[in-house]
Amino acid sequence: MTTPPSDRMHALDVDTLKLREEVFDYARRRMNYEPAPLDESKTPAELAALVPPTVTETGIGGLTALKLFEEVLAPSCISVDNPGFLSFIPAAPTEAATLFDLVVSASSIYGGSWAEGAGAVYAENEVLQWLAREAGLPDGAGGVFVQGGTLGNLSALVAARHTAKVARERSGEPMPRRWAFACSAEAHSSLKAAARVMDVEIIPVPIGESGKMNGLDVAAAVTEWDGVFAVVATGGTTNFGIVDHLRSIGEIAHEHGAWFHVDGAYGLAGMLAPSSRHLFDGVELADSFIVDPHKWLFAPFDACALVYRDPLLAKAAHTQHAEYLDVLTETGDWNPSDYAYHLSRRPRGLPLWFSLATHGIGAYRDAVESNIQLAHKIAAEIDRRPGFALVRQPELSNVVFTRDGWSAADYARWSTDLLHRDVAFVVPSSHLGQPNTRFSIVNPQTTYEALVQILDTMEND
Ligand SMILES: *Cc1c(COP(=O)(O)O)cnc(C)c1O
């Protein structure tokens with residue numbers, strides 16, 4: 001085929017082939033690090049001084065742009081997969097998952113419809129069905145991989161409200177003055193964001209010292225309310241990794257005719273670990289749940305698995321209709337775009353699929369279990385050390401602790417220095433106004449010795 005003279009961009013010419021090799025070489029270099037340096041963020045002014053204009057009328061050329069990326073831009077991003085990255089919730093993709101992310105990019109697959117992406121959707125669905133089985137949901141459960149937990153929570157709640165609204169319409173009952181869902185104060189910020197977008201109320205569920213919401217707490221909070229369309233439990237809070245009492249919450253939600261959603265973006269992967277499966281007892285009551293492969297299922301950004309007990313309810317809420325889409329939506333096909341607030345999508349579940357197919361589910365159980373065991377081991381060490389205190393016993397793989405007498409400024413200084421010395425990325429945090437710091441352990445390459453070494457740096461500070 002000859003290339004139209006107007007198109008200089010798609011031609012497979014000598015320059016493009018050279019660029020291809022250079023890009024593959026870069027990807028190889030990045031993946032060969034053991035580990036990649038942590039690196040450090042820079043300010044906009046610092047970057048402006050280092051990076052000449054790159055988006056110009058004629059372009060600067062791929063080789064120049066790649067060099068700039070490798071030498072300036074990439075080192076200005078912190079390497080989330082470094083085993084010393086212990087802040088927020090990191091990501092630790094397997095080699096297989098990262099490699100397959102490259103394949104997905106090279107494959108130009110539209111993952112929104114069965115008609116276009118059947119093979120990819122089939123493989124993604126096998127992963128979603130496995131997750132549904134692990135959680136104990138019945139056959140027929142299914143869903144879709146969306147960009148992240150924020151979008152997963154929103155999509156599930158939209159399906160829940162739609163279901164409640166349709167039920168009211170059918171029964172002839174008047175609509176409530178305000179729709180509302182219930183969750184605890186420890187629930188993730190994305191739920192507040194969903195409530196704002198949906199223009200619904202959040203019923204805050206007060207919880208005791210344990211930080212664990214249970215069914216009685218929920219029952220007390222929702223009794224006075226008309227229009228409670230969902231109860232959201234957290235399967236591993238982002239800060240402490242606390243798993244709410246899922247069974248009693250699910251039972252109360254259903255007694256009130258409400259949808260039971262489990263936000264397990266970080267923690268639900270913990271159900272794979274034999275030692276922790278019991279914490280998730282009752283997750284099988286969920287009408288929907290989410291879990292982020294980019295958090296604790298060893299896949300690269302960005303992916304959230306969103307699973308519904310009855311996917312038809314989600315489809316009724318989310319399917320987009322348009323004349324030019326009828327050819328897709330009027331078939332009985334399984335179209336991933338129908339199950340969330342989105343349309344076009346990359347088949348972002350494939351990196352996890354490939355890694356699972358490569359290593360087997362057992363390797364995942366072992367990896368998650370090892371993170372949990374490590375969290376408990378370092379927690380015991382923190383508990384033992386004079387001058388250190390756990391803020392609470394870890395449940396999954398997050399360990400929150402304090403150094404006696406340290407102010408927020410002390411943590412901040414120490415944290416900056418650790419990163420600067422390429423030792424670790426552990427940011428200051430706080431709980432109930434008291435400064436602290438935390439280890440979020442989702443990388444099987446993180447060692448006990450490395451964590452002890454970090455504690456040692458707090459001794460001599
Ligand atoms: C991280 C997290 C989210 C949000 O997920 P994103 O993928 O960052 O959008 C939601 N809920 C919980 C419990 C989380 O830990």
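Look above for the structure.
What counts and what doesn't
- Residues numbered from 1 in each chain as written.
- Predicted model: local features only at pLDDT ≥ 70, side-chain atom pairs only at ≥ 80, totals over all residues.
- Heavy atoms only, no water.
- Pairing = 2+ DSSP bridges.
- Helix = DSSP H or I, 4+ residues; strand = E, 2+ residues; numbered from the N terminus.
- Axes fitted to C-alpha atoms, helices over the stretch in contact; angles between N-to-C directions.
- Contact = heavy atoms within 4.5 Å.
- Near = heavy atom within 4 Å.
- Polar contact = N/O pair within 3.5 Å; in protein donor to acceptor, adjacent residues only side chain to side chain.
- Areas by Shrake-Rupley, 256 points an atom, 1.4 Å probe, with all protein chains shown as cover.
- Nonpolar A, V, L, I, M, F, W, Y, C, P; charged D, E, K, R; others polar.
- Salt bridge = Lys/Arg side-chain N within 4 Å of Asp/Glu carboxyl O.
- Buried < 20%, exposed > 50% of the residue type's maximum accessible area, 1.4 Å probe, protein only.

**Q** Please clarify how the sheet that holds strand S4 (residues 228–234) should be interpreted in this entry.
**A** Strands belonging to one sheet form pairs held by backbone hydrogen bonds; the direction of such a pair is parallel or antiparallel. The seven strands are arranged S1-S7-S6-S5-S4-S2-S3 in an open sheet whose pairing can be described as mixed. Edge strands, defined here as strands with exactly one partner in the open sheet, are strand S1 (142–146) and strand S3 (201–205). If you compare each strand with its neighbour and ignore which way they point, the axes differ by 20 degrees on average. Inspection of the sheet shows S1 paired to strand S7 (residues 304–308) by five bridges, in the antiparallel sense. Note on S7: the bridge partner recorded for Gly143 is Val307. Across the sheet, helix H5 (residues 114–135) lies against S1, strand S6 (288–291) and S7, angled at about 115 degrees from S1, the strand it touches most. Running over the sheet, helix H6 (residues 149–171) touches S1, strand S2 (180–184), S4, strand S5 (259–263), S6 and S7 and is turned about 20 degrees from S7.

**Q** What am I meant to see in the site of the ligand here?
**A** Taken together, 13 residues lie around the ligand, and Gly149, Thr150, Asp263, Asp292 and Lys295 are the ones closest in. Asp263 has a polar side-chain atom sitting 2.6 Å from a nitrogen atom of the ligand. The side chain of Lys295 places a nitrogen or oxygen atom 2.9 Å from an oxygen atom of the ligand. Here the ligand has 380 Å² of accessible area as a free molecule, and 87% of this is covered by the chains. Only H6 and helix H10 (293–296) provide two or more residues apiece to the shell around the ligand. Looking at which element gives the most residues to the shell around the ligand, the answer is H6, with three residues. Among the residues making up the shell around the ligand, the classes are represented as two nonpolar, eight polar and three charged.

**Q** Would you take a moment to explain the pattern of salt bridges for this structure?
**A** Pairs can form between side chains of opposite charge once their charged atoms are near each other. Evaluation of the coordinates by the stated rule reveals 23 salt bridges. For Glu134, the salt bridge is made with Arg365, and the minimal N-O distance between the two is 2.6 Å. Linking Glu134 in helix H5 with Arg365 in helix H14 (residues 361–384), this pair joins segments that are 231 residues apart in sequence. The class for Glu134 is buried, based on a relative accessible area of 14%.

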